[in-house]
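Close look at the chain arrangement
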Amino acid sequence: MKVLTRRQLISEGLGWLSSAGAIAALGDLGQVQAKADPALSDYKALVCIFLFGGNDGNNTVIPISGAAAQNYKTIRGSFGISNPLALAGTNLGLHPNLSGLASIFNTQGNLAVTCNVGTLLAPMTRTQFKNNSVAKPVNLFSHTDQQQEWQLCDALEKLSTGWGGRAIDLFEPATPPSFPLAVSVNGSNSFLVGIETKPTCIGTSSFALPGEDGSSSTAIRDGSLQQLLSLSSGAALVQAANSTIQSAVALTQQIKALNTKTTAVPFPATPLGSQLREIAQIIRGRNQFGVNRQVFFASLGGFDTHTYQIATHNSLLQQLNDAMVAFHTAMADSSIAAADQVTLFTQSEFGRTLQPNTNGGTDHAWGSHHLVLGGAVRSGVYGQFPDLTVGGDLDCGFRGNWIPTTALDQYAATLASWFGVSNPESIFTNLPAFSQPNLGFL
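Below, the structure is looked at part by part. (Residues numbered from 1 in each chain as written. Predicted model: local features only at pLDDT ≥ 70, side-chain atom pairs only at ≥ 80, totals over all residues. Heavy atoms only, no water.)

1. Concerning the overall build of the chain
Defined as follows: Secondary structure counts use DSSP, requiring at least four H or I residues in a row for a helix and at least two E residues in a row for a strand, with both numbered from the N terminus. Burial classes follow relative accessibility: with a 1.4 Å probe on protein chains only, a residue under 20% of its type's maximum area counts as buried, one over 50% as exposed, and anything between as partly exposed. Only heavy atoms matter for contacts: two residues are in contact if any of them lie within 4.5 Å across the pair.
Each helix and strand counted, the chain has 12 helices and 12 strands in total. The buried share of the chain, taken over its 442 residues, is 54%. At a minimum sequence separation of 6, the contacts of the chain that also span at least 24 residues come to 74%.

Structure follows, in structure tokens:
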């Protein structure tokens, strides 16, 4: 066993805490709405899967009939998907590696496909884009900027709070709960930062202090750490650090206790599968934690497919399908029984060009398609699917770069309204620019 001095215990504890503890909350939106009734007892959770790099929506949701299907075949050629899985009652199909999700759409009715979603300040046409007569989001096609804008739901990047954090702010009880309401299982992010909400970042591989191996000697070591942290040093900064580490240790013990009880549903042994398994375990403990609202952030990277896209994208979509289906199945399992109370959804900074590049990939575009899954979700196609005419009314360039016909504000507000936000305009201040504030998939 590694022997740690008191200084090392504090130092390593703080280092460990950077990934397992809370990040500072930022905010400049002010108190946007009165908090929810503290007597509210029904549980609801939003689970975001951010697809970092810009998912190719054109090979995720594929037209199977009509002019759009012909345009797709003409432009994509051998780069396109020739055998999409049909979505009943629509003229669209899903990538064949999304077979589990297609089955849920067709048999359970719990998967929504939201079409051509993106950051917008107001509805826009190709002409308006070209002559700059309508304001555009800041730094379109930039990974960093568009990731921020999707997480903030702010196309001008003026806010410093995420839309998930602003939503959970409304449900923060006066007495801090025994478990965080905003949890990331894959690093820090802007999405969960609220005015009052301080998101907690936890890992998925191990919930333990450095050097812990489950032996009696490490148990003694951990007990000694708790005693050291409780000693008064007389220094406010040290005492504050001690208190923060104590909170993180307590959180770790709660999660470890949850992980001693597993669901009957197996999760894939993939990065995203591990993340969603941990979220499922936390949701399982919702009653003992005494929480009625939670927001989670998970992510999957590798979608910046400028080269070798076909093999890479196929693999990523398989991982997405398997993890989402396992999570949905686990929510319905009797050990969790929260199918109607949890909604899983995708985000990604932008889509990709319909016309492939010359390097076996696709390039940064704008609008893309997203998936929403949960027991409360109504299967269907929501929003306007583009006609896939290169250089047409919805193409802001000449390679199939779709101007969004559904704003991120509408997509996020629909999720937030189901979550219990009674006045979504209070946290999505740009929402009034769009005629349909709720897309209706929940």
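2. Focus: the packing of helix H9 (residues 271–284) against helix H11 (residues 309–332)
We apply this condition: Only the stretch in contact is used when fitting a helix axis, every axis being a line fitted to C-alpha atoms; angles between N-to-C directions are given from 0 to 180 degrees. Throughout, the term roughly parallel applies to angles under 35 degrees, roughly antiparallel to angles over 145, roughly perpendicular to angles from 65 to 115, and oblique to all others. Two helices crossing with the near one rotated counterclockwise from the far one by less than a right angle form a left-handed crossing, whereas a clockwise rotation gives a right-handed crossing. Think of it as three bins: nonpolar holds Ala, Val, Leu, Ile, Met, Phe, Trp, Tyr, Cys and Pro, charged holds Asp, Glu, Lys and Arg, and polar takes everything else, Gly as well.
The N-to-C vectors of H9 and H11 enclose an angle of 15°; their axes lie 9 Å apart at closest approach. Judged by the angle between their axes, H9 and H11 are roughly parallel. Crossing of H9 against H11: the hand is right-handed. Across from Pro 271, Leu 272, Gly 273, Leu 276, Ile 279, Ala 280 and Ile 283 in H9, the residues of H11 making contact are Gln 319, Leu 320, Ala 323, Met 324, Phe 327 and Met 331. Of the residues belonging to the contact of H9 with H11, the class tally is 11 nonpolar, two polar and no charged.

3. What about the pairing of strand E10 (residues 368–374)?
For a regular strand, the rule is simple: side chains alternate between the two faces of the sheet. Defined as follows: For two strands to pair, DSSP has to find at least two bridges joining them.
When you tally the buried positions in E10, you get seven out of seven residues, the bulk of the element. Side chains Ser 368, His 370, Val 372 and Gly 374 project from E10 onto one buried face, and the interleaved His 369, Leu 371 and Leu 373 project onto a second face that is buried too. Bridge analysis of strand E5 (residues 111–118) against E10 gives five bridges, and the strand direction is antiparallel. For Leu 111, the partnering residue across the bridge sits in E10 and is Leu 373. Pairing of strand E9 (residues 342–347) with E10 involves three bridges; the strand directions are antiparallel.

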